[in-house]
Amino acid sequence: SEEQLTAGTWICEVALWTHWTAVGTLDADEPSELYAISSEKVAEVVSQSMVCARVFQEYGAAFHARVLAAAPPDAAWPSDIHVPFCTFEEILPSL
């Protein structure tokens with residue numbers, strides 16, 4: 001299926017928090033910018049602060065648990081674009 005994305009949409013954020021294999025393709029209809037983020041580099045930077053490291057650890061654990069729980073009939077399967085109940089606003093109150 002096709003989905004139109006808007007500026008600022010994250011693609012494969014799930015790969016920062018889990019071992020993930022992309023499940024689709026991405027084509028741009030117009031010139032676009034794509035940023036690649038290294039999970040190893042993020043971990044290296046975050047580990048410089050114990051508070052940040054703890055928040056990232058808790059956030060990652062919550063995100064990962066929600067990926068594992070995302071399945072019909074309670075939720076849609078996770079995709080490269082959307083993981084049910086994994087927006088920042090949905091996860092933050094659980095930390």
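Here goes a summary of the coordinates provided.

Cut-offs applied
Residues numbered from 1 in each chain as written. Predicted model: local features only at pLDDT ≥ 70, side-chain atom pairs only at ≥ 80, totals over all residues. Heavy atoms only, no water. Salt bridge = Lys/Arg side-chain N within 4 Å of Asp/Glu carboxyl O. Helix = DSSP H or I, 4+ residues; strand = E, 2+ residues; numbered from the N terminus. Buried < 20%, exposed > 50% of the residue type's maximum accessible area, 1.4 Å probe, protein only. Lys, Arg positive; Asp, Glu negative; His and termini not counted. Polar contact = N/O pair within 3.5 Å; in protein donor to acceptor, adjacent residues only side chain to side chain. Contact = heavy atoms within 4.5 Å.

1. Focus: the pattern of salt bridges
Any two side chains of opposite charge can pair, given that their charged atoms come close.
Piece 1. Summed over all chains, the structure comprises two salt bridges.
Piece 2. Here glutamate 44 makes a salt bridge to lysine 41, at a shortest N to O gap of 3.9 Å. One end of the pair is glutamate 44 and the other is lysine 41, both in helix α2 (residues 39-46) and three residues apart, which spans about a single turn.
Piece 3. When its relative accessible area of 45% is taken as the criterion, glutamate 44 is described as partly exposed.
Piece 4. Ionic pairing is found between arginine 54 and glutamate 58, a salt bridge with its closest N-O pair at 3.2 Å. On the criterion of helical spacing, the pair formed by arginine 54 and glutamate 58 is a turn pair, its members being four residues apart in helix α3 (residues 50-69).
Piece 5. Overall, glutamate 58 belongs to the partly exposed group, its relative accessible area being 34%.

2. Concerning the side chain of aspartate 80
Piece 1. If you trace the backbone, aspartate 80 turns up in the loop between α3 and α4 (88-91).
Piece 2. Buried charge aspartate 80 goes without a salt bridge, the closest partner of opposite sign being arginine 66 at 19 Å.
Piece 3. A polar contact is formed between the side chain of aspartate 80 and the backbone nitrogen of valine 23, at a distance of 2.9 Å.
Piece 4. Excluding its chain neighbours within four sequence positions, the residues that come into contact with aspartate 80 are Trp10, Ile11, Cys12, Glu13, Trp20, Thr21, Ala22, Val23 and Gly24.

3. Concerning unusual backbone geometry
Piece 1. Cis peptide bonds are those with omega within 30 degrees of zero, and the linkage from proline 72 to proline 73 qualifies with 5°.
Piece 2. Secondary-structure assignment places proline 73 in the loop between α3 and α4.
Piece 3. Phi is positive for cysteine 12, which is not a glycine, with a value near 60°.
Piece 4. We note that phenylalanine 85 has phi near 60°; this positive angle belongs to a residue other than glycine.
Piece 5. For phenylalanine 85, the position within the fold is in the loop between α3 and α4.

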